[in-house]
Amino acid sequence: MFKRLASLLVALALMLMCTAAFAFPLGEPLTGVITYPEGASEEDALYVYRYSYPTVTGEGAAPQLINGVFDFMVEDAYSFRVPMDVEGLPGEGPQHYKNITYEITCHTEDYLSVTLHTEAFTGLSSAQSIAGYTFLLSGEDAGKVIYLPHLLGLLDIDETDDWLIERQTIKADECVRELVWEIIEEQISDGTVAYDPELTYELFSWNFYPEVDFYMNDSGDLVFYIQEALIAPASEGVLLFPFSLEELLDEI
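In this report, the structure presented in the accompanying data block is examined. Everything quoted here is computed from the prediction, not taken from an experiment. (Residues numbered from 1 in each chain as written. Predicted model: local features only at pLDDT ≥ 70, side-chain atom pairs only at ≥ 80, totals over all residues. Heavy atoms only, no water.)

**Concerning the pattern of salt bridges**
Here is step 1 of the chain: Enumeration according to the criterion identifies six salt bridges in this entry.
Here is step 2 of the chain: Of the charged contacts in the structure, one is a salt bridge between Asp-76 and Arg-81, with a shortest N-O distance of 2.8 Å.
Here is step 3 of the chain: We classify Asp-76 as buried; its relative accessible area is 15%.
Here is step 4 of the chain: When its relative accessible area of 45% is taken as the criterion, Arg-81 is described as partly exposed.
Here is step 5 of the chain: Asp-85 is the partner of Lys-98 in a salt bridge, and the nearest nitrogen-oxygen pair spans 3.1 Å. (Salt bridge = Lys/Arg side-chain N within 4 Å of Asp/Glu carboxyl O. Buried < 20%, exposed > 50% of the residue type's maximum accessible area, 1.4 Å probe, protein only.)

So, in structure tokens, the structure goes:
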């Protein structure tokens with residue numbers, strides 16, 4: 001009897017965990033293609049903008065908030081980004097394009113983290129970049145994007161005091177910058193990454209904003225990134241620096 005009860009309790013616990021973990025399951029991707037000139041086929045267009053963003057399903061405001069972030073990106077592409085990209089575009093030559101894809105890097109009861117990957121070809125060369133977005137999935141703020149100071153407990157997600165937001169953001173940024181810079185110095189010393197020989201801490205800081213330049217992986221670690229070609233040759237790709245939340249909290 002005891003074994004049967006224990007088995008039932010374990011089964012119930014697993015069901016609850018699964019239900020919680022997928023409270024906001026993924027929906028069909030939000031995809032589309034924008035061509036220039038308008039109405040041109042993908043084959044004949046001078047410029048092609050392809051996008052694929054995630055969506056989530058479920059009850060309440062959270063799915064609307066999350067999906068709204070990517071809906072806005074599509075609207076922004078039509079109204080601003082594509083018109084900016086095609087301004088001054090030559091009337092002939094190789095096709096220019098921008099491809100945006102996504103990866104779900106963490107999906108738990110509490111967090112959804114997404115990386116957007118952009119490949120841009122401007123006629124002569126292509127460039128890669130990423131952008132991370134981490135959404136809170138639990139509590140009254142479910143659906144909102146959260147940033148590094150929130151994860152470190154330095155700011156409430158609804159904080160409105162500009163002075164406090166700036167102060168705590170600087171604190172979080174400097175903590176991570178110092179940790180990453182230590183790694184960079186080690187990599188320069190052992191030659192594992194071919195950094196710009198003129199690289200300084202100041203130049204590094206100008207190109208790295210930890211409060212937003214991160215995503216969460218499936219282990220719950222924060223992975224900070226520096227875009228390719230900013231402080232090292234493009235051949236080194238996007239530079240990644242993972243830290244556990246515990247490591248960061250120990251340094252704050």
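The rest of the description comes next.
**A few points about a nonpolar patch on the surface**
Here is step 1 of the chain: Taken together, the side chains of Tyr-147, Tyr-209 and Val-212 present a nonpolar region at the surface, about 260 Å² in accessible area.
Here is step 2 of the chain: Here Tyr-209 falls in the partly exposed class, since its relative accessible area comes to 40%. (Patch = residues over 30% accessible without salt bridge, like charges linked within 9 Å, V, L, I, M, F, W, Y side chains within 5 Å. Areas by Shrake-Rupley, 256 points an atom, 1.4 Å probe, with all protein chains shown as cover.)

**Topic: the sheet that holds strand β8 (residues 239-243)**
Here is step 1 of the chain: Strand order in the open sheet formed by three strands is β6-β7-β8, with antiparallel pairing between adjacent strands. Lying at the two open borders of the sheet, with one neighbouring strand each, are β6 (214-216) and β8. Mean inter-strand twist for the sheet, computed between neighbouring axes without regard to direction, equals 25 degrees.
Here is step 2 of the chain: Looking at chain direction, β6 and strand β7 (residues 222-226) are connected through three bridges and run antiparallel. Paired with Tyr-215 across the bridge in β7 is Val-223.
Here is step 3 of the chain: Running at roughly 120 degrees to β8, helix α4 (residues 162-190) makes contact with β7 and β8 of the sheet. (Pairing = 2+ DSSP bridges. Helix = DSSP H or I, 4+ residues; strand = E, 2+ residues; numbered from the N terminus. Axes fitted to C-alpha atoms, helices over the stretch in contact; angles between N-to-C directions. Contact = heavy atoms within 4.5 Å.)

**Thoughts on the side chain of Thr-55**
Here is step 1 of the chain: Positionally, Thr-55 belongs in the loop between β2 (47-53) and α2 (61-86).
Here is step 2 of the chain: On the accessibility criterion, Thr-55 (16% relative accessible area) is buried.
Here is step 3 of the chain: In this structure the side chain of Thr-55 is engaged in a polar contact, spanning 2.7 Å, whose partner is the backbone oxygen of Glu-28.
Here is step 4 of the chain: Once residues lying within four places of it in the same chain are set aside, the contact partners of Thr-55 are Pro-25, Leu-26, Gly-27, Glu-28, Leu-30 and Asn-67. (Polar contact = N/O pair within 3.5 Å; in protein donor to acceptor, adjacent residues only side chain to side chain.)

**Notes on a negative patch on the surface**
Here is step 1 of the chain: There is a patch of like negative charges on the surface, built from Glu-178, Glu-182, Glu-185, Glu-186, Asp-190, Glu-246, Glu-247, Asp-250 and Glu-251.
Here is step 2 of the chain: Listing elements by their share of the negative patch, those giving two or more residues are α4 and α6 (245-251).
Here is step 3 of the chain: Of the residues forming the negative patch, the biggest block, five residues, is contributed by α4.
Here is step 4 of the chain: With respect to the helices and strands, Glu-247 occurs in helix α6.
Here is step 5 of the chain: Taking the relative accessible area as the measure of exposure, Glu-247 reaches 41% and is therefore partly exposed. (Lys, Arg positive; Asp, Glu negative; His and termini not counted. Charge placed at Lys NZ, Arg CZ, Asp CG, Glu CD.)

**Considering the pairing of strand β3 (residues 96-107)**
Here is step 1 of the chain: Bridge count for β2 against β3 is five bridges, and the pairing is parallel. For Arg-50, the partnering residue across the bridge sits in β3 and is Asn-99.
Here is step 2 of the chain: Sheet topology note: the β3/strand β4 (residues 111-121) ladder contains 10 bridges and is antiparallel. Directly across from Tyr-97, in β4, lies its bridge partner Phe-121.

**Side note on the nonpolar core**
Here is step 1 of the chain: The biggest cluster of nonpolar side chains holds 30 residues, and the ones touching the most others in it are Leu-148, Ile-184, Tyr-195, Phe-204, Phe-224 and Leu-248.
Here is step 2 of the chain: Element by element, the count of residues in this core is highest for α4, at seven residues.
Here is step 3 of the chain: Not counting residues up to four positions away in its chain, the partners in contact with Leu-248 are Leu-148, Leu-152, Cys-175, Val-176, Leu-179, Leu-222, Phe-224 and Phe-243.
Here is step 4 of the chain: Val-82, Val-86, Leu-112 and Val-145 belong to the second-largest nonpolar core, a separate cluster that totals 24 residues. (Core = buried A, V, L, I, M, F, W, Y, C linked by side-chain atoms within 4.5 Å.)

**With respect to the environment of Glu-211**
Here is step 1 of the chain: On the secondary structure map, Glu-211 appears in the loop between α5 (201-206) and β6.
Here is step 2 of the chain: Residues Glu-211 and Tyr-97, 114 residues apart in the sequence, show an inter-C-alpha distance of 30 Å.
Here is step 3 of the chain: Aside from chain neighbours lying at most four places away, what touches Glu-211 is Tyr-147, Leu-148, Pro-149, Thr-169 and Asp-173.

**Quick notes on α4**
Here is step 1 of the chain: Under the 1.5 Å per step criterion, the end-to-end length of α4 is 42 Å for 29 residues, consistent within 8% with the ideal 42 Å.
Here is step 2 of the chain: Taken together, the buried positions of α4 are occupied by Gln-168, Thr-169, Ala-172, Asp-173, Cys-175, Val-176, Arg-177, Leu-179, Val-180, Trp-181, Ile-184 and Gln-187.
Here is step 3 of the chain: Looking at the buried positions of α4, the neighbouring elements they touch are α3 (148-151), α5, β7, β8 and α6.
Here is step 4 of the chain: In the segment just after α4, Gly-191 is the residue with positive phi, at about 75 degrees. (Expected span 1.5 Å × (residues − 1).)

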